[in-house]
Amino acid sequence: MEIDKSLIAELKKAKSIVFFTGAGISAESSIPTFRGKDGIWNKLKPEELANFDAFMKNPEMVWEWYNHRKKIIQESQPNRAHTTIAEIQNYFDEIIVVTQNIDNLHRRAGSKKIFELHGNIERNYCINCKEFYIENLDFSAGVPKCKCGGLIRPDVVWFGEYLPMDQFNGGEKAAANCDIFFAVGTSAVVYPAAGLINVAHTAGATIVEVNIEETALSHIANYTYTRKAGEILPQIFNDYSGSAGLN
Ligand code: BV8
Ligand code: ZN
């Protein structure tokens, strides 16, 4: 697939680039997406798992689901989409990652400026005293408990829960001030996160969509690359560095 020369020209002028990412950027790291054809939520209903009531009703089941995902994530590696975003940090004034993912792969790939809108599966906290637990939790007596007796939960944002304001505000500011906004591997159906694409568009940023299929927001993209993120992002920035004489 040919990369638009006009996009390369825009990259050469760009100061600030945002990568807004969803589960699709981690698909090539063998982490299942939510809504794609093999999405995990085709089988399990998100309402039954990713919400606080479900956790209070059946914490064992919700923890089983997260431990299953943790295991997949621990056995996975960042792919070329994650590493490309990390590598180009030296070429531009500002590369900001605003991710909906909880898999920590952007950080493991070396990205420095990351806003995590939906939390991080490697962090947990007590629902009672809010104490954070990062290290391995003790499941020997069932659902892990805090020293205060409260249940420990994953530090991820469930449906009906507010996003961490510092992360969302940071992501929103980045979207409102960037020159180019890449939307990579997201179905753009979960709000308020997906609203950041509109924020960037309204602020006049160039929108580049990278997805293997059309999405709810493809109509506002200036460029759409219907290819795997792990293939097209390296190609875009290969073409860019070639034309900018960085190779
Ligand atoms: C909130 C938990 C305020 C963590 C998740 C009606 C209209 C609008 C909004 C709502 C509504 N009803 C309810 C709401 C609000 C709700 C919402 O948006 N619901 C949607 C589903 C309708 N939002 C919320 O509840 C949010 N909070 O609004 O708070 C509030 C507070 C109190 C009271 C009232 C309001 C909280 C949202 C966060 C929910 N948590 N997960 C976890 O376990 O992971 S959501 C879940 O979806 C994940 O977090 C994920 O990040 C998110 C988005 O999914 P994607 O990342 O886009 O993944 P998906 O599988 O969908 O798509 C993957 C894409 O990749 C596909 O397009 C595929 O084609 C593509 N792809 C695949 N392979 C590749 C690829 N692309 C490129 N390369 C590849 N190789
Ligand atoms: Zn506690």
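Please refer to the structure placed before this passage.
Calculation criteria
- Residue positions are given per chain, counted from 1 along the sequence in the order it is written.
- Throughout, the order in which chains and ligands are written sets their labels, letters from A for the former and numbers from 1 for the latter.
- Reporting in this predicted model follows two pLDDT cut-offs: at least 70 for local features of residues, and 80 or more for side-chain atom pairs to be given and counted; totals over whole chains, interfaces and linings ignore these cut-offs and use all residues.
- The side-chain values count all of the structure's non-hydrogen atoms but skip hydrogen atoms and water molecules.
- Here a helix means four or more residues in a row that DSSP labels H or I, a strand means two or more in a row labelled E, and each is numbered from the N terminus.
- Radius of gyration: C-alpha atoms only; globule rule: 2.2 Å multiplied by the number of residues to the exponent 0.38.
- Using the Shrake-Rupley algorithm and a 1.4 Å probe, accessible areas are obtained, with residue cover drawn only from the displayed protein chains.
- Here the positive residues are Lys and Arg and the negative ones are Asp and Glu; neither His nor the chain ends is included.
- Here the site of a charge means NZ on Lys, CZ on Arg, CG on Asp, or CD on Glu.
- To obtain each axis, a line is fitted to C-alpha atoms, and for helices this fit is confined to the stretch in contact; angles are then taken between N-to-C directions over 0 to 180 degrees.
- Here, two residues are considered to be in contact whenever any of their heavy atoms come within 4.5 Å of each other.
- Under the scheme applied, nonpolar residues are Ala, Val, Leu, Ile, Met, Phe, Trp, Tyr, Cys and Pro; charged residues are Asp, Glu, Lys and Arg; polar residues are all the others, including Gly.
- Under the pairing criterion, centres of Phe, Tyr and Trp rings, with the six-membered ring standing for Trp, must be within 6.5 Å; the plane angle then separates stacked pairs below 30 degrees from edge-to-face pairs above 60, leaving the rest tilted.
- In this scheme, a residue with accessible area under 20% of its type's maximum is buried, one over 50% is exposed, and one in between is partly exposed, where area comes from a 1.4 Å probe on protein chains only.
- Should the NZ of a Lys or the CZ of an Arg lie within 6 Å of a ring centre and within 35 degrees of the ring normal, that charge is described as sitting over the ring.
- Only a single heavy atom is needed: when it lies within 4 Å of a molecule or strand, its residue is near that molecule or strand.
- Pairs of N or O atoms within 3.5 Å make up the polar contacts considered here, provided that, within protein, one atom can donate a hydrogen while the other can accept it, and that residues adjacent in sequence are counted only when both atoms are side-chain atoms.
- Think of the donor list as every N, O and S atom within 2.8 Å of the metal, or within 3.2 Å for Na, K and Ca; water never makes the list, so a site can look incomplete.
- Here the metal geometry follows the donor angles, with tetrahedral for four donors whose angles all fall between 85 and 135 degrees, square planar for four and octahedral for six when opposite donors are more than 155 degrees apart and every other angle is between 65 and 115, and irregular for all the rest.
- Whether two strands pair depends on DSSP finding at least two bridges between them.

1. Describing the overall build of the protein chain
Thinking step 1. When you go through the protein chain residue by residue, the secondary structure sums to 10 helices and 9 strands.
Thinking step 2. Here the protein chain has a C-alpha radius of gyration of 19 Å; the compact-globule value for 247 residues is 18 Å, and the two agree.
Thinking step 3. With an accessible surface of roughly 12,000 Å², the protein chain has 51% of that area assigned to carbon and sulfur atoms.
Thinking step 4. Averaging the positions of the 25 positive and the 30 negative side-chain charges in the protein chain gives two centres separated by 2 Å.

2. Digging into the packing of helix 8 (residues 165-177) against helix 9 (residues 195-202)
Thinking step 1. Running from amino to carboxyl end, helix 8 crosses helix 9 at an angle of 30°, the nearest separation of the two axes being 7 Å. Each of Phe 168, Gly 171, Glu 172, Ala 175 and Ala 176 in helix 8 lies in contact with helix 9, whose residues at this interface are Leu 196, Val 199 and Ala 200.
Thinking step 2. Across the contact of helix 8 with helix 9, the residue classes break down as 6 nonpolar, 1 polar and 1 charged.

3. Some points on the packing of aromatic side chains
In this description, a pair of aromatic rings is defined by centroid distance and the angle of the planes.
Thinking step 1. Tallying each qualifying case throughout the model produces 13 aromatic pairs.
Thinking step 2. Judged by centre distance (5.4 Å) and plane angle (40°), the ring pair of Phe 55 and Trp 158 falls under tilted. Placement of the pair is Phe 55 in helix 4 (residues 52-57) and Trp 158 in the loop between strand 6 (152-156) and helix 8, with a sequence separation of 103 residues. The burial state of Phe 55 is the same as that of Trp 158; both residues are buried.
Thinking step 3. Ring geometry for Trp 65 versus Tyr 66: centroids 4.8 Å apart, planes at 65°, classification edge-to-face.
Thinking step 4. What makes Tyr 66 buried here is its relative accessible area of 2%.
Thinking step 5. Of note, Arg 69 hangs over the ring of Trp 65, and the distance from its end group to the ring centre comes to 4.5 Å.
Thinking step 6. We note Arg 153 situated over the ring of Trp 158; from NZ or CZ to the ring centre the distance is 3.8 Å.

4. Focus on the site of ligand 1
Thinking step 1. Residues in close proximity to ligand 1 total 33 residues, the closest being Phe 34, Arg 35, Tyr 66, Arg 69 and Ser 187.
Thinking step 2. Within the backbone of Gly 185, a nitrogen or oxygen atom sits 3.3 Å from an oxygen atom of ligand 1.
Thinking step 3. Protein coverage of the free-state accessible area of ligand 1, which is 1,500 Å², stands at 76%.
Thinking step 4. Residue classes in the shell around ligand 1 are distributed as 17 nonpolar, 10 polar and 6 charged.

5. Describing the coordination of the zinc ion (ligand 2)
Thinking step 1. Coordination of the zinc ion (ligand 2) by the protein comes from Cys 126 (SG), Cys 129 (SG), Cys 146 (SG) and Cys 148 (SG), over a distance range of 2.2 to 2.3 Å.
Thinking step 2. Here the zinc ion (ligand 2) binds 4 donor atoms, and the angle range of 103 to 121° at the metal identifies the geometry as tetrahedral.
Thinking step 3. Coordination of the zinc ion (ligand 2) draws on donor residues from a single chain, spaced C-x2-C-x16-C-x1-C in sequence.

6. Section: the sheet that holds strand 7 (residues 180-184)
Backbone hydrogen bonds are what pair the strands of a sheet, in a parallel or an antiparallel way.
Thinking step 1. Judged by pairing direction, the sheet is parallel, and its 6 strands sit side by side in the order 3-2-1-7-8-9 without closing on themselves. The sheet is open, and its two borders are formed by strand 3 (114-116) and strand 9 (223-225), each paired with just one other strand. Ignoring which end each strand starts from, the neighbouring axes of this sheet average 15° apart.
Thinking step 2. Against the sheet, helix 10 (residues 229-243) makes contact with strand 1 (16-21), strand 7, strand 8 (206-210) and strand 9, and its axis sits at roughly 160° relative to strand 7, the strand it touches most.

7. Side note on the sheet that holds strand 6
Thinking step 1. Overall, antiparallel pairing links the 3 strands, which are arranged 5-4-6 in an open sheet. In this open sheet, the two edge strands, each paired with only one partner strand, are strand 5 (132-133) and strand 6.
Thinking step 2. Alignment of strand 4 (residues 119-126) against strand 6, held across 4 bridges, turns out to be antiparallel. Each bridged residue has a counterpart across the sheet, and for Tyr 125 the counterpart in strand 6 is Arg 153.

In short, geometric facts, not functional conclusions.
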